[in-house]
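# Understanding the architecture of this molecule
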Amino acid sequence: HLIQRRIRFNTHSVGMLILLLFLSAFDVVHSSCPSGWELRHAGECSERIDIGYFYDDEVTDAVIAKCQAFQAVPVIIHDDGGNSYWASQAGYLPIGITCNTSTKRWEWFDGSALSFKPANNNYDAELDAECTTGCAWFIPDSSGKWSHRCDHSSNYYYIWCTTQVDKPAIKDCDNFENDSDDSVCYQIGATAENWQDAQIACRSYGADLASIHNIQENSFIRRLAVSMGTVNGVFLGATLSGKGKGFGWIDGTEWDYENFYPGFPIEGLGDCLSMDTLGVNGQWMNMDCSNKLAVACVRHPNTSYVDECSAGPWVEGQIIYSPGYPYDATLPCDYFLTVDAGKRVEVKIQLLEANTCCDHLILTDSYLAGNIVANLTGEISSNTYTTQSSNLMRVSWQPTDGMNVRGFMMSFRGV
């Protein structure tokens, strides 16, 4: 799939923008962390690596080289929460403090300043003095103290390397392309398994399936799709809802334009909206939501998504998001799900991105005093969980950290 400016279309831009694509097939199922690494704290993927015996005055260079081999960095700490977390992992843990030989000041390996130091002077005095090369800094134990060593003595070391997960930016188009006329950002994605998966794919990056409000937008989406070889149609962001000719836009915008083929929508043909990209006018038709079709996404850069805990009510098949998804996951929320009597609740976790240190999604049988069905954290996609006997389920999002992760999205049904 490719990205393109809405009006200023040219083949040179298409070639350049290939380099900006995220997710080779625009797939919902993805992992933010490298294979084998874990999302542990503050949106950082990390992995413990044994590096063997090194002299203390050479270990910093060894740590940097080892982490760089994974396109990662040594442990860098900017707040009390980070220091407490890494202290809990410590066993003479090397941290990424290096000497800037120009300023003679200690700084982090990535060039950022030592804006944070452990409280109550819980660090060796050398941190406040002129730095020297050939020295290393460690967290030796759970006290969180930063210790300084320049000894030429050999010790066995394990290290942690970290990378930061990417999140969509709420104030710009990020990997989408901006139209300067109205600041609307578009992207065409590859085939989704169904309409719901198409919306999940868009929402994973702070977007929605596309709404269309004039002939210029309609023509652009059709032309953009054809330029990428998508001539079998695209899902649009509307379903039957009682608005307009029975349809309403999922992003909540006004139904103020339509471009149906004559005679459409046809009753019984399907409840989801699509555009025919083979026809030159990009006309619309309704179709079965379970069909496979390419995806047209739209992002309004300055639109704030729901950032408060909603009480519902929730309905089967609805895509449910944690508050602030995918920009902020710090707000806790409880979701009470109900299906018909005699059935059990099956929840599908479309995507969970949580810090394993302290963020949990807890599923329980019934609303109160029920057995725990699952206690989830880290990265999960497309997993299902079912109540044991009840037609009720409580889903409790409990982020103690919630920093720099997306949170979760899910759907449910009765089985």
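Scope of this entry: the structure provided in the associated data block.

Rules behind the numbers
- Residue positions are given per chain, counted from 1 along the sequence in the order it is written.
- For this predicted model, a pLDDT threshold of at least 70 governs which residues receive local features, and a threshold of 80 or more governs which side-chain atom pairs are given and counted, while totals over whole chains, interfaces and linings are taken from all residues.
- As a convention, hydrogens and water are excluded, and side-chain values are obtained from all of the structure's heavy atoms.
- By disulfide we mean two sulfur atoms from cysteines, separated by a distance within 2.5 Å.
- For helices the rule is a DSSP run of H or I covering at least 4 residues; for strands it is a run of E covering at least 2, with both sets numbered from the N terminus onward.
- The buried label goes to any residue with under 20% of its type's maximum accessible area, the exposed label to any with over 50%, and the partly exposed label to all in between, with areas taken from a 1.4 Å probe on protein chains only.
- Pairing between strands is defined by DSSP: at least two bridges between the two strands are required.
- Take the buried Ala, Val, Leu, Ile, Met, Phe, Trp, Tyr and Cys residues and link them wherever side-chain atoms come within 4.5 Å; each set so joined is a nonpolar core.
- Any two residues whose heavy atoms approach within 4.5 Å at even a single point are treated as in contact.
- The rule is short: rings of Phe, Tyr and Trp, with Trp giving its six-membered ring, pair when the centres are within 6.5 Å, and they are stacked under 30 degrees, edge-to-face over 60, tilted in between.
- For a lysine, the NZ atom is tested; for an arginine, the CZ atom; a charge sits over a ring if that atom is within 6 Å of the ring centre and within 35 degrees of the ring normal.
- Polar contact criterion, stated in full: a pair of N or O atoms within 3.5 Å, where within protein one must be able to donate a hydrogen and the other to accept it, and residues adjacent in sequence count only if both atoms are side-chain atoms.
- Axes, fitted as lines to C-alpha atoms, cover a helix only where it is in contact. Angles between the N-to-C directions of the axes lie from 0 to 180 degrees.
- Patch members must show over 30% relative accessible area and no salt bridge, and they are joined within 9 Å when carrying like charges or within 5 Å when they are nonpolar side chains of Val, Leu, Ile, Met, Phe, Trp or Tyr.
- Methods summary: accessible areas were calculated by the Shrake-Rupley approach with a probe of 1.4 Å, and residue burial reflects only the protein chains presented.
- Salt bridge criterion: a side-chain nitrogen from Lys or Arg within 4 Å of a carboxyl oxygen from Asp or Glu.

With that settled, consider the state of the cysteines. In the structure shown here, the tally under the stated rule is eight disulfides. One disulfide bridge connects Cys67 with Cys161, the sulfur atoms lying 2.0 Å from each other. Taking the sign of the torsion about the S-S bond as the criterion, the disulfide between Cys67 and Cys161, at about -85°, is left-handed. Within this pair, whereas Cys67 is found in helix H2 (residues 59-69), its partner Cys161 is found in strand E9 (residues 154-164), the two being separated by 94 residues in sequence. The pair formed by Cys67 and Cys161 is uniform in burial state, with each residue classed as buried. Between the sulfur atoms of Cys135 and its disulfide mate Cys150 the distance is 1.9 Å.

Here we take up the pairing of strand E13 (residues 234-240). Across a regular strand the side chains alternate sides, sitting on one face of the sheet and then on the other. For E13, the buried fraction is high: five of the seven residues fall into the buried class. The pairing of E13 with strand E17 (residues 293-299) spans two bridges and is classified as parallel. The partner of Val234 across the bridge, within E17, is Ala294. In terms of strand pairing, E13 meets strand E15 (residues 272-275) through three bridges, oriented antiparallel. When the sheet's bridge partners are listed, Thr239 is paired in E15 with Cys272. Here E13 runs beside strand E14 (residues 247-249); their pairing, made up of three bridges, is antiparallel. Bridging from a neighbouring strand, Leu240 pairs with Phe247 of E14.

All right, on to the nonpolar core then. Ranked by size, the top nonpolar core spans 42 residues in total, and within it Leu337 and Val347 carry the most contacts. Apart from the residues lying within four places of it in its own chain, the contact partners of Val347 are Leu337, Leu363, Asn383, Thr384, Tyr385, Met393, Val395, Met410, Ser411 and Phe412. Membership of the second largest hydrophobic core comes to 25 residues, among which are Ala225, Phe260, Phe264 and Met275.

Before going further, it helps to examine unusual backbone geometry. Geometrically, the link from Phe264 to Pro265 is a cis peptide bond, its omega value of 0° lying close to zero. For Pro265, the position within the fold is in the loop between E14 and E15. The peptide bond linking Tyr325 to Pro326 adopts the cis configuration, its omega dihedral lying at 0°. Along the chain, the position of Pro326 falls in the loop between strand E18 (320-321) and strand E19 (333-338).

Take the packing of aromatic side chains next. Counted according to the given criterion, the structure contains 23 aromatic pairs. On the basis of an interplanar angle of 80° and a centroid distance of 5.6 Å, the ring pair of Trp108 and Trp146 is categorised as edge-to-face. On the criterion of sequence distance, the pair formed by Trp108 in strand E6 (residues 105-108) and Trp146 in the loop between strand E7 (136-139) and strand E8 (147-149) is long-range, its members being 38 residues apart. Trp146 matches Trp108 in its accessibility class, with the two residues each being buried. Ring pairing ties together the aromatic residues Phe247, Trp249, Trp255, Tyr257, Phe260 and Trp284, which thus form one cluster. Directly above the aromatic system of Tyr158 lies the positively charged group of Arg48, at a separation of 3.6 Å from the ring centroid. The side chain of Arg203 reaches across the aromatic face of Tyr321, ending 4.1 Å from its centre.

With that settled, consider the environment of Gly246. Mapped onto the secondary structure, Gly246 falls in the loop between E13 and E14. Sequence-wise, Gly246 and Pro265 are 19 residues apart; in three dimensions their C-alpha atoms are separated by 8.5 Å.

Attention now moves to helix H4 (residues 195-203). Counting along an α-helix, one turn takes 3.6 residues, and residues three or four places apart therefore face a common direction. In terms of burial, H4 is a largely internal element, eight of the nine residues being buried. Burial in H4 covers these residues: Trp195, Asp197, Ala198, Gln199, Ile200, Ala201, Cys202 and Arg203. For H4, the side-chain oxygen to backbone nitrogen distance between the N-cap and Gln196 is 3.1 Å, and the N-cap itself is Asn194.

The next subject is the sheet that holds strand E22 (residues 372-376). Ordered in space as E19-E25-E21-E22, the four strands form an open sheet in which the pairing is antiparallel. Edge positions in the open sheet fall to E19 and E22, since each of these has one partner strand only. Recorded for the sheet is a direction-independent mean angle of 15° between the axes of neighbouring strands. As paired strands, strand E21 (residues 359-365) and strand E25 (residues 392-399) are joined by seven bridges and run antiparallel to one another.

Bringing a nonpolar patch on the surface into the picture now. Residues Val226, Val231 and Leu278 make up a contiguous nonpolar surface patch of about 230 Å² in total accessible area. Checked against the element boundaries, Val231 lands in the loop between helix H5 (215-227) and E13.

The subject of this paragraph is the sheet that holds strand E4 (residues 93-95). Read across the open sheet, the three strands follow the order E4-E7-E8; overall the sheet is antiparallel. This sheet does not close on itself; its edge strands, each paired only once, are E4 and E8. Adjacent strand axes in the sheet meet at a mean angle of 45°, parallel and antiparallel pairs treated alike. As paired strands, E4 and E7 are joined by three bridges and run antiparallel to one another. Bridge pairing in E7 links Pro94 to Phe138.

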